[in-house]
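Coordinates in review
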Amino acid sequence: MLQFHGGAFVGGSNDSVVNDVFCRRIAKLCDVIVVAVGYRLAPESRYPAAFEDGLKVLNWLGKQANLAECGRWMGNGEWGMGEREWMLMFLMGLSRCVLLGVSCGANIADYVARKAVEAGELLDPVKVVAQVLMYPFFIGSNLTNSEIKLANSYFYDKSMCILAWKLFLPEENFNLDHPAANPLIPGREPPPKFMPPTLTVVAEQDWMRDRAIAYSEELRKVNIDAPLLEYKDAVHEFATLDMLLQTPQAQACAEDIAIWVKKYISLRGHEFSY
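Since the model is a prediction, treat every value here as computed from it, not as a measurement. Each chain carries its own residue numbering, running from 1 in the direction its sequence is written. Selection of residues for local features in this predicted model requires a pLDDT of at least 70, selection of side-chain atom pairs for listing and counting requires 80 or more, and totals for whole chains, interfaces and linings are taken over all residues. Heavy atoms throughout the structure, all of them, feed into the side-chain values; hydrogens and water do not.

1. Re the packing of helix H1 (residues 17-30) against helix H9 (residues 248-265)
Each pair of packed helices can be described by the angle between their axes along with the distance between the axes. Lines fitted to C-alpha atoms define the axes here, with helix axes fitted over just the stretch in contact, and angles between the N-to-C directions of these axes take values from 0 to 180 degrees. Working definition: helices are DSSP H or I runs of at least four residues, strands are E runs of at least two. Numbering for both runs from the N terminus. Relative to each other, H1 and H9 sit at 45°, their axes nearing to 8 Å. The pairing of H1 with H9 is recorded here as oblique in orientation. Where H1 crosses over H9, the handedness of that crossing is right-handed. Contacts between H1 and H9 pair Arg25, Ile26, Leu29 and Cys30 from the former with Ala250, Gln251, Ala254, Glu255, Ile257, Ala258, Val261, Lys262 and Ile265 from the latter. Each residue is assigned to one class: nonpolar for Ala, Val, Leu, Ile, Met, Phe, Trp, Tyr, Cys and Pro, charged for Asp, Glu, Lys and Arg, and polar for all the others, Gly among them. When the residues that make up the contact of H1 with H9 are grouped by side-chain class, the tally is nine nonpolar, one polar and three charged. Here is the rule for angles: anything less than 35 degrees is roughly parallel, anything more than 145 is roughly antiparallel, 65 through 115 is roughly perpendicular, and the remaining ranges are oblique. When the near helix sits turned anticlockwise from the far one by under a right angle, the crossing is termed left-handed; a clockwise turn instead gives a right-handed crossing. The contact criterion used throughout is that any non-hydrogen atoms of two residues lie within 4.5 Å.

What follows is the structure, given as structure tokens:
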């Protein structure tokens, strides 16, 4: 699993304490190796820096598999038995790669998923089998109901997020309908029918929720497995903020994600589905 942290493109870190705790929770519940991706931040590095960094990590995984032939690793006396077993498990797991993005990290995950679809067999043996978008950092010029009613919601009010977008997107011709910001603009490639299964997590009190819900609906219209998990009374980043990470709702969210993810990474599937 590749995990992309949140922080409105201007903050956050893959090696922060809170991100480490969240990744360990997901790793344990999903029974996966989690690679927490670090990416360049704005305003020093504007779009497309963070998106390119996410894609580079996916390509890096493919290179590791192609360079590290199993026979060479297993025959190298410098490797202990535990290390050999870990490397073999890592190489085998690349054919069942899941992307998980938190807030703006969900935007990056969706971009990487699109590029993986376009690359196709060029990424072999890496295969993106699913993605999880946790309260994605979507926005657009046409206001949704939640953007109107919840503009002053807790932690991430709309005015602060627009400032983050101004620091991230190219300064010339600033547009909230940029492909990095608005998943609903027409003509995005590849078409939705080619996207991987996508689980979307939204919070009831998050002003960004309606656009995430609409994107999930677009995927379902073309028969993509795209369930929506909505958490009552929850705010943006309710399952990943340091002050909320230990709440029952945050734990329940991680468990719900694991149930769905296991359908796509388990060799024998999982008995539960949404």
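2. A look at unusual backbone geometry
Geometrically, the link from Ala42 to Pro43 is a cis peptide bond, its omega value of 5° lying close to zero. The residue Pro43 is located in the loop between strand E2 (35-37) and helix H2 (49-67) in this model. Here Glu189 and Pro190 are connected by a cis peptide whose omega angle stands at -5°. Examined against the element boundaries, Pro190 turns out to sit in the loop between helix H7 (158-168) and strand E5 (198-203). Backbone geometry at Asp31 places phi at a positive 60°, although glycine is not the residue there.

3. Overview of the pairing of strand E6 (residues 228-231)
Between buried and exposed lies partly exposed: a residue is buried under 20% and exposed over 50% of the maximum accessible area for its type, with that area taken using a 1.4 Å probe on protein chains only. Only one face of E6 is covered, namely the face carrying Leu229 and Tyr231; the face carrying Leu228 and Glu230 is uncovered. At least two DSSP bridges between two strands are needed for those strands to be called paired. As paired strands, E5 and E6 are joined by four bridges and run parallel to one another. If you follow Ala203 over to E6, its bridge partner there is Tyr231. On the question of chirality, the crossover connecting E5 to the parallel E6 by way of helix H8 (residues 209-221) is right-handed. Seen with its strands pointing away from the viewer, a crossover is right-handed when the path leading from the first strand over the helix to the second is clockwise.

4. So, the nonpolar core
General note: in soluble globular proteins, nonpolar side chains tend to be found buried as a group. Among buried residues, those of type Ala, Val, Leu, Ile, Met, Phe, Trp, Tyr and Cys that are joined through side-chain atoms within 4.5 Å constitute a nonpolar core. Leu2, Phe9, Leu58, Leu99, Phe137 and Trp165 are the most contacted members of the largest nonpolar core, which has 52 residues in total. Broken down by secondary-structure element, the contributors of at least two residues to this core are strand E1 (2-4), H2, strand E3 (97-102), helix H5 (104-119), strand E4 (128-134), H7 and H8. With eight residues, H5 is the largest single contributor of residues to this core. Setting aside residues up to four positions removed in sequence, Phe9 forms contacts with Leu41, Ala42, Ala50, Phe51, Cys104, Asn107, Ile108, Phe137, Trp165 and Phe168. With 33 residues, the next largest nonpolar core counts Phe22, Val98, Leu229 and Trp260 among its residues.

5. Description of H7
Considered for burial, the residues of H7 that qualify are Lys158, Cys161, Ala164, Trp165 and Phe168. For H7, the buried positions fall inside an angular range of 115° around the axis, keeping them on one side. Arc definition: directions from the helix axis to the C-beta atoms.

6. Side note on the packing of aromatic side chains
Aromatic rings from Phe, Tyr and Trp, with only the six-membered ring used for Trp, were paired whenever their centres fell within 6.5 Å, and each pair was classed as stacked if the ring planes differed by under 30 degrees, edge-to-face if by over 60, and tilted otherwise. Tallied over the entire structure, the rule returns 14 aromatic pairs. Centroid distance Phe9 to Phe51: 6.0 Å. Interplanar angle 25°. Geometry classified as stacked. Of this pair, Phe9 sits in the loop between E1 and H1 while Phe51 is found in helix H2, placing the two residues 42 residues apart along the sequence. The pair formed by Phe9 and Phe51 is uniform in burial state, with each residue classed as buried. Both rings, one in Tyr47 and one in Phe168, keep their centres 6.0 Å apart while their planes meet at 80°; by these two values the pair is edge-to-face.

7. Focus on the sheet that holds E6
Strand order in the open sheet formed by six strands is E2-E1-E3-E4-E5-E6, and the pairing between neighbours is parallel. Both outer strands of the open sheet, E2 and E6, are each paired with one neighbouring strand and no more. Neighbour-to-neighbour, the strand axes of the sheet open up by a mean angle of 15°, direction not taken into account. One ladder, built from three bridges, connects E1 with E2; its direction is parallel. The residue bridging Phe4 from the neighbouring strand is Val37, located in E2. The strands touched by H1 within the sheet are E1, E2, E3 and E4, with E1 carrying the most contacts at an inclination of about 145°. Strands E3, E4, E5 and E6 of the sheet are contacted by H9, whose axis makes an angle of about 165° with E4.

8. Side note on H1
Working rule for helices: expected span equals 1.5 Å times residues minus one. With 14 residues, H1 extends 20 Å between its outermost C-alpha atoms, agreeing within 8% with the 20 Å of an ideal straight helix rising 1.5 Å per residue. Along H1, the residues classified as buried are Asn19, Phe22, Cys23, Arg25, Ile26, Ala27 and Cys30. Asp31 sits one or two residues past H1 and shows a positive phi near 60°.

9. Things to note about the environment of Ser95
When you line up the elements, Ser95 lands in the loop between helix H4 (81-93) and E3. Assessed through its relative accessible area of 34%, Ser95 is described here as partly exposed. Separated by 31 residues in sequence, Ser95 and Val126 place their C-alpha atoms 4.9 Å apart. Residues contacting Ser95, with those up to four places away along its chain left out, are Pro125, Lys127 and Val129.

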